[in-house]
Amino acid sequence: MRPAGRSQPRISILDRVFVTRPTILVTGARGQIGHELAGTLAPHGEIVALDRAHLDLADEQALRSTVRSIRPAIVVNAGAYTAVDRAEAERDLAFAVNARAPGILGEELARLGGILVHFSTDYVFDGRAKTPYAEDAQTGPLGVYGASKLAGEQAIAASGCASLVLRTSWVYALRGHNFLLTIRRLAAERDELKVVADQFGVPNWARAIAAATARLVGCGPRYLADRAGLYHLSGSGVASWFDFARAILGPVDHPRLTAIATDQYPTAARRPAYAVLSDARFRETFGFALPHWQTMLSDCLLGRE
Ligand SMILES: NC(=O)c1ccc[n+]([C@@H]2O[C@H](COP(=O)([O-])OP(=O)(O)OC[C@H]3O[C@@H](n4cnc5c(N)ncnc54)[C@H](OP(=O)(O)O)[C@@H]3O)[C@@H](O)[C@H]2O)c1
């Protein structure tokens, strides 16, 4: 019997998962990164992967009750409103999904003692830098999408939960909606492709991002909690959209690729001219990093793991 007055030792979710497999909730499970996560995370816990139809991030009550019933040790929030141009006209929805939902997840996980792993974007920056952005560089989003993602980072910080916020950039895969698939489709339809050559960033393969995320998650909730913070998870090198298109198509004569300036391709949302993320903090903290963007692209195109 416990002596009167002595409080019961507190066992948190972090302690319990050392003896049982942690429950890991993945949101946005049909997205580029979310889809890959369901596979890469499987060895590391009991995975509950929910797509938009089963967990709408814009529905606050659904979000709170789902987290309360599943009681995950870790939530990997791969769901997001990612339509950069449409966001200019759908500000409320973009903020509900990208800003309010991560804050709610953070609040619920703070109550449970769980960890939030969340993805953010290079579009939190204004692109006026000339060298890779560090995590603490001044932010200045140019559009609604970037602003909503920055607000998401701030909501997570305010929630008080332990979190890893991983900013990444120019995500592609062989499924979903992305630049790689668009270029391939247009190459089959047209004789000439005009591609912006004065915006620079780093293309990142969704599967490589998911594998890196799984490597972190596999180290356990305590490891993640000890290293909570904001990190840039992005490959090395730098490319323009034109460089990326050339690498996707390879040295073919058809279609003809023509380099154009941003102002020759008007879009609803402005995009940063330079959005390269420095991975130094991630590399120093975790001892590994994503490969060069060209290595990731050839792995993706050749179907390597
Ligand atoms: N894509 C990029 O270039 C890029 C660059 C930098 C950072 N990121 C960040 O990386 C993360 C993953 O992006 P991704 O490339 O995998 O994006 P994605 O392929 O567009 O996937 C996002 C997923 O979120 C889902 N979603 C949208 N609204 C939702 C809602 N209300 N409730 C639940 N799910 C919802 C989408 O569902 P549907 O399939 O039903 O639409 C989609 O499956 C995001 O945080 C994104 O901001 C992406």
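Residues numbered from 1 in each chain as written. Predicted model: local features only at pLDDT ≥ 70, side-chain atom pairs only at ≥ 80, totals over all residues. Heavy atoms only, no water.

1. Observations concerning the packing of helix H9 (residues 241-249) against helix H11 (residues 293-301)
Which entries qualify depends on this criterion: Orientation is described by axes fitted as lines to C-alpha atoms, over the contacting stretch for helices, and by angles from 0 to 180 degrees between their N-to-C directions. Numbering goes from the N terminus for both helices and strands, where a helix is a DSSP run of H or I of at least four residues and a strand is a run of E of at least two. Each helix crossing is assigned a hand: it is left-handed if the near helix lies turned anticlockwise from the far helix by less than a right angle, otherwise right-handed if that turn is clockwise. Contacts are assigned to residue pairs with any non-hydrogen atoms lying within 4.5 Å of each other. Residues are grouped as follows: Ala, Val, Leu, Ile, Met, Phe, Trp, Tyr, Cys and Pro are nonpolar; Asp, Glu, Lys and Arg are charged; every other residue, Gly included, is polar.
Where H9 contacts H11, the two axes come as close as 10 Å, and the packing angle between them is 35°. Of the two elements, H9 crosses H11, and the hand of that crossing is right-handed. Taken together, the residues of H11 that come into contact with H9 (itself represented by Asp243, Phe244, Ala247 and Ile248) are Trp293, Leu297 and Leu301. Here the contact of H9 with H11 is built from residues that sort into six nonpolar, no polar and one charged.

2. Concerning helix H4 (residues 91-112)
Test applied: To estimate how far a helix should extend, the number of its residues minus one is multiplied by 1.5 Å. The bend at a residue is defined as the angle formed between two axes, one fitted to the seven residues ending at that residue and one fitted to the seven starting there.
Across its 22 residues, H4 extends 31 Å between first and last C-alpha, which sits within 8% of the 32 Å expected from 1.5 Å per residue. For H4, the principal kink sits at Arg100 and spans about 35°; a proline, Pro102, occurs within the next four residues. Positioned one or two residues after H4, Gly113 has a phi angle of 80°, which is positive.

3. Observations regarding the site of the ligand
Spelled out, the test is: Throughout this document, a residue counts as near a molecule or strand when at least one of its heavy atoms sits within 4 Å of that molecule or strand. We call two N or O atoms a polar contact when they sit within 3.5 Å, provided that within protein one can donate a hydrogen and the other can accept it, with sequence-adjacent residues counted only if both atoms are side-chain atoms. Using a 1.4 Å probe, the Shrake-Rupley method yields the accessible areas, and only the shown protein chains count as cover for residues.
Near the ligand lie 23 residues; those nearest to it are Arg52, Leu57, Thr82, Tyr145 and Lys149. At a separation of 2.8 Å, a nitrogen atom of the ligand approaches a polar backbone atom of Leu57. Interatomic distance of 3.2 Å between a backbone N/O atom of Phe119 and an oxygen atom of the ligand. Against a free-state accessible area of 890 Å², the protein chains account for coverage of 83% of the ligand. Counting residues per element, the ones that place at least two in the shell around the ligand are helix H2 (32-40), strand E4 (115-121) and helix H5 (144-159).

4. Observations concerning the nonpolar core
Threshold: Only buried residues count toward a nonpolar core, which is a set of Ala, Val, Leu, Ile, Met, Phe, Trp, Tyr and Cys residues joined through side-chain atoms within 4.5 Å. Only protein chains enter the accessibility calculation, which uses a 1.4 Å probe; a residue is then buried when its area is under 20% of its type maximum, exposed when over 50%, and partly exposed in between.
Judged by nonpolar contacts, the single largest core of 86 residues is most densely connected at Leu37, Ile74 and Val76. The biggest single contributor to this core is helix H7 (residues 206-217), with eight residues. Apart from the residues within four sequence positions on either side, Val76 is in contact with Ile24, Leu25, Val26, Thr27, Leu37, Leu41, Val117, Phe119, Thr213 and Val217.

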